[in-house]
Amino acid sequence: MSYQVDEKGYYGDFGGAYIPEMLYPNVEELRSKYLQVMQDEKFQEDFKNLLKDYVGRPTPLYFASRLSEKYQTKIYLKREDLCHTGAHKVNNTIGQILMAQHLGKKRIIAETGAGQHGVATATVCALMGMECIVYMGEIDIERQAPNVARMKMLGATVIPAKSGSKTLKDATNEAIRDWINNPVDTHYIIGSVVGPHPYPDMVARFQSVISEEIQKQLKEKEGTTDPDFVVACVGGGSNAAGAYYHYLDNPKVGIIAVEAAGKGVHSGESAATSALGKPGIIHGSKTLLMQTTDGQITEPYSISAGLDYPGVGPMHANLYQTGRGEFISITDEDAMKAGLELAKLEGIIPAIETSHALAIFEGRKFRKDDVVVVNLSGRGDKDLNTYIDFFNL
Amino acid sequence: MNRIQQKLQEDKKLLSIYFTAGFPEMNDTQKIITELAKNGVDFIEIGLPFSDPLADGPTIQQSSTQALRNGMTTEKLFEQLQDIRKSTDIPLIIMGYFNPMLQYGVEKFCKKCQECGIDGLIIPDLPVDVFHEAYQSLFEKYGLLNIFLITPQTSEDRIRYIDSVSNGFIYMVSSASVTGSTSGFGEDTRAYFRRIDGMNLKNPQIVGFGIKDEETFKQATEFAKGAIIGSAFIKHLEEHGTEKIAHFIHHVKPLT
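Note that the structure is a prediction, hence the values are computed from the model and not measured.

## Describing the UniProt feature "active site" (unreviewed entry) in chain B
Residues and elements named next belong to chain B.
And then number 1: With numbering matched to this structure, UniProt assigns "active site" (unreviewed entry) to Glu45 and Asp56.
And then number 2: Note on placement: Glu45 falls in strand S2 (residues 43–47).
And then number 3: In this view, Glu45 contacts Ser16, Ile17, Tyr18, Phe19, Ile93, Met95, Ile122, Tyr171 and Ile228; residues no more than four positions away in its chain are not counted.
And then number 4: Separated by 3.3 Å, the side chains of Glu45 and Ser16 make a polar contact.
And then number 5: Mapping Asp56 onto the fold places it in the loop between S2 and helix H3 (58–69).

In structure tokens form, the structure reads like this:
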């Protein structure tokens, strides 16, 4: 059994392309060309060069000795926070901007929650001289002001999404509508492993540079390519998909996915999709989805703007359903404490998204000789105000 | 023969009206259907509201949000429709997104439609190939037609494929857009209408998106069998409630 996508775009029961006919030509064009484009020699060369010289890859795999000592296991941090723009998101936007160029597109649209994907998209658009429109929930615009300013400096137009919960899911709806209205010259850079096939697979492939590097770096440090566990936070799940990618079909490596429980899984203010969701359709794919019994999508909550999405990517839905992945929910409070702890123990201020992944060590025990790689998906500068308010700093 | 197929055989241009169930008031559904049928509308599309209607523009999305706030659910819509065939014979189509149907149970949904006398479904985010593989026989079992959309970007091969799995009409989206976003039809759009008309498809075409008055109705039906009004009617309901429906309809399609 493989946990990779099948040729129809499904991961087990999940995935597919549930899209209105208005989007069919765009999605079909991408589906029929993406693998071929990605295998193109020139594409590979450009992609690798930009990742190396512009993004700053490979990112270090850092052995966190003080954290390891505290939790009595061997913890490595994959430092995606050291990527240009401050998070793993740029791996994907570099790939997709090159894809857009190969497809002859002139205009780029994107959605963003925390703003990391918006900044990464605005950055590559500036790099390539392409028009950039970023949809962002009105509430997220307020709580992620520094990232909004960054996008504007980079020349992007930020359009507030004012419908629904005014967060990531609504920004995604608005971006999809823009694409429907501009079917010919526009490429939609989706920021996570969500959306209709081929997006989940394409984004996972661009992010798979993370697990590819972990393999090499761990071999040097531990003499093995395989850790005992790979841990990552999951909103839509792109950093997680990248960290798991080369280990999906390797049963020796445990996969741990960490979701945002908000104020508690059953508090009514949560984004823990695996615990609360049922199979359904959101943004063009069949996946696990938080919804009412009537099939209306419910509004998620998390202190972290990057995790308050009511679904997960179809790859993750399949990892959950088949039991391949262990899913853990972490509350706002526990995540914030773990973020502060990493700052004090290792001198690294993580994004609050990542803090969720770091928080598992309080409750999930590992053996002393286990090698646990945590994907440190982004840095916490954008979250300083949230940290300040929470801890009265 | 299904009521939709019968109506399509009439020798005239057909007017279809879309409204969102549960809007403006929770219990307006029956009244709106009765008024539309009485005033010479040919088909009615009843919108099952959805929280995230990504093919719709702001007008229809807001009506859906309001309907959900009013308490509209799939079950309540079927309750409102259970006696509808006692008062009208007009072809009725439910238009909605796939997730609420999936959660209700697709077979149970189809069965309920049959019990209420629904003739067809429009599900914008259920792709034709998924329908063909997984649901076509179920729809046939309950006597439901499934109406597919085509757009100016749909390839000829795909239009012919859609035509081959359709048994009612083809919903011809007038331009690349979400609902409620165009004003009047330009030369490109008319050329597209003419091109599709020239394909001699087995199913007639009904134009949707961008029709709001007598002029746009006439333009849209120059090369097509009929046209659908959605957002413009929702705006009318927003402003006037259910009181002046006759006035709206006669404004689009004067009594002849």
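After presenting the structure, the write-up continues.
## Considerations on the sheet that holds strand S6 (residues 131–137) of chain A
Residue and element names in this part refer to chain A.
And then number 1: Spatially, S7-S6-S5-S8 is the arrangement adopted by the four strands of the open sheet, whose pairing is parallel. Where the open sheet ends on each side, the last strands, each with one partner, are strand S7 (157–161) and strand S8 (186–189). Across the sheet, the axes of successive neighbouring strands diverge by a mean angle of 25°, strand direction being ignored.
And then number 2: Of the pairings in the sheet, the one linking strand S5 (residues 107–112) to S6 comprises six bridges and is parallel in character. From the neighbouring strand, Glu111 faces S6, where its bridge partner is Tyr135.
And then number 3: Set on the sheet, helix H8 (residues 168–181) makes contact with S5, S6, S7 and S8; between it and S5 the angle comes to about 160°.

## Considerations on the pairing of S6 of chain A
Residue and element names in this part refer to chain A.
And then number 1: Among the seven residues of S6, six are classified as buried, and the element is accordingly described as predominantly covered.
And then number 2: With helix H5 (residues 116–128) bridging S5 and the parallel S6, this β-α-β connection has right-handed handedness.
And then number 3: Across five bridges, the pairing between S6 and S7 is parallel. Pairing of Met136 across the sheet is with Pro160, part of S7.

## Some remarks on the interface of chain B and chain A
And then number 1: At the junction of the two partners, chain B supplies 36 residues and chain A supplies 33 residues.
And then number 2: Both sides of the chain B and chain A interface together cover about 2700 Å² of buried area, and 53% of this is carbon and sulfur.
And then number 3: One salt bridge in this structure joins Glu133 of chain B and Lys8 of chain A, with 3.7 Å as the shortest N-O distance.
And then number 4: Linking chain B to chain A there are 16 residue pairs in polar contact (both at pLDDT 80 or more).
And then number 5: Only H3, helix H5 (98–104), helix H7 (128–141), strand S6 (149–150) and helix H8 (156–165) of chain B provide two or more residues apiece to the side of chain B that touches chain A.
And then number 6: At five residues, the largest contribution of residues to the side of chain B that touches chain A is made by H5 of chain B.
And then number 7: In the side of chain B that touches chain A, the residues fall into 20 nonpolar, 11 polar and five charged.

## Comments concerning unusual backbone geometry
All names here are of chain A.
And then number 1: With omega at 15°, the peptide bond leading from His197 into Pro198 counts as cis.
And then number 2: Mapped onto the secondary structure, Pro198 falls in the loop between S8 and helix H9 (199–207).
And then number 3: Even without being a glycine, Thr85 presents a positive backbone phi close to 80°.
And then number 4: Summarising the element assignment, Thr85 is placed in the loop between strand S4 (74–79) and helix H4 (89–102).

## Here's the deal with the environment of Lys76 of chain B
Residues and elements named next belong to chain B.
And then number 1: As for its position among the elements, Lys76 is in helix H4 (residues 74–81).
And then number 2: The exposure class assigned to Lys76 is partly exposed, which follows from its relative accessible area of 37%.
And then number 3: Measuring from C-alpha to C-alpha, the distance between Lys76 and Ala21 comes to 9.7 Å, with 55 residues separating the pair along the chain.
And then number 4: Non-local contacts of Lys76, meaning those with residues more than four positions away in its chain, are made with Met26 and Gly71.

## Considerations on the packing of H5 of chain A against helix H7 (residues 145–153) of chain A
Residues and elements named next belong to chain A.
And then number 1: Where H5 meets H7, the closest approach of the two axes is 9 Å, and the angle between their N-to-C directions is 10°. Taken together, the axes of H5 and H7 are roughly parallel relative to one another. Seen along the crossing, H5 lies across H7 with a hand that is left-handed. Where H5 approaches H7, its residues Gln116, Gly118, Val119 and Ala122 are matched on the opposing element by Asn147, Arg150 and Met151.
And then number 2: Across the contact of H5 with H7, the residue classes break down as three nonpolar, three polar and one charged.

## Digging into the environment of Ile4 of chain B
All names here are of chain B.
And then number 1: Along the chain, Ile4 turns up in helix H1 (residues 3–8).
And then number 2: With 39 residues separating them along the chain, Ile4 and Phe43 place their C-alpha atoms 7.7 Å apart.
And then number 3: In this structure Ile4 touches Phe43, Pro91, Ile93, Asp119, Gly120, Leu145 and Phe169, once residues within four positions along its chain are discounted.

## Points about the pattern of salt bridges
Residues and elements named next belong to chain B.
And then number 1: Tallied over the full model, the rule gives 45 salt bridges over all chains.
And then number 2: The closest approach of N and O atoms between Glu107 and Lys141, which form a salt bridge, is 2.8 Å. Residue Glu107 is found in helix H6 (residues 106–116), and its partner Lys141 is found in helix H7; the two are separated by 34 residues along the sequence.
And then number 3: Owing to a relative accessible area of 35%, Glu107 belongs among the partly exposed residues under this scheme.
And then number 4: Look at Lys141 and you get exposed, because its relative accessible area is 53%.

Parameters and conventions
- Residues numbered from 1 in each chain as written.
- Chains lettered and ligands numbered in written order.
- Predicted model: local features only at pLDDT ≥ 70, side-chain atom pairs only at ≥ 80, totals over all residues.
- Heavy atoms only, no water.
- UniProt positions renumbered as here; feature names shortened; annotations may be inferred.
- Helix = DSSP H or I, 4+ residues; strand = E, 2+ residues; numbered from the N terminus.
- Contact = heavy atoms within 4.5 Å.
- Polar contact = N/O pair within 3.5 Å; in protein donor to acceptor, adjacent residues only side chain to side chain.
- Pairing = 2+ DSSP bridges.
- Axes fitted to C-alpha atoms, helices over the stretch in contact; angles between N-to-C directions.
- Buried < 20%, exposed > 50% of the residue type's maximum accessible area, 1.4 Å probe, protein only.
- Right-handed = clockwise from strand over helix to strand, strands pointing away.
- Buried area = accessible area lost by both parts, 1.4 Å probe.
- Salt bridge = Lys/Arg side-chain N within 4 Å of Asp/Glu carboxyl O.
- Nonpolar A, V, L, I, M, F, W, Y, C, P; charged D, E, K, R; others polar.
- Parallel < 35°, antiparallel > 145°, perpendicular 65-115°, else oblique.
- Left-handed = near helix turned anticlockwise from the far one by under 90°.

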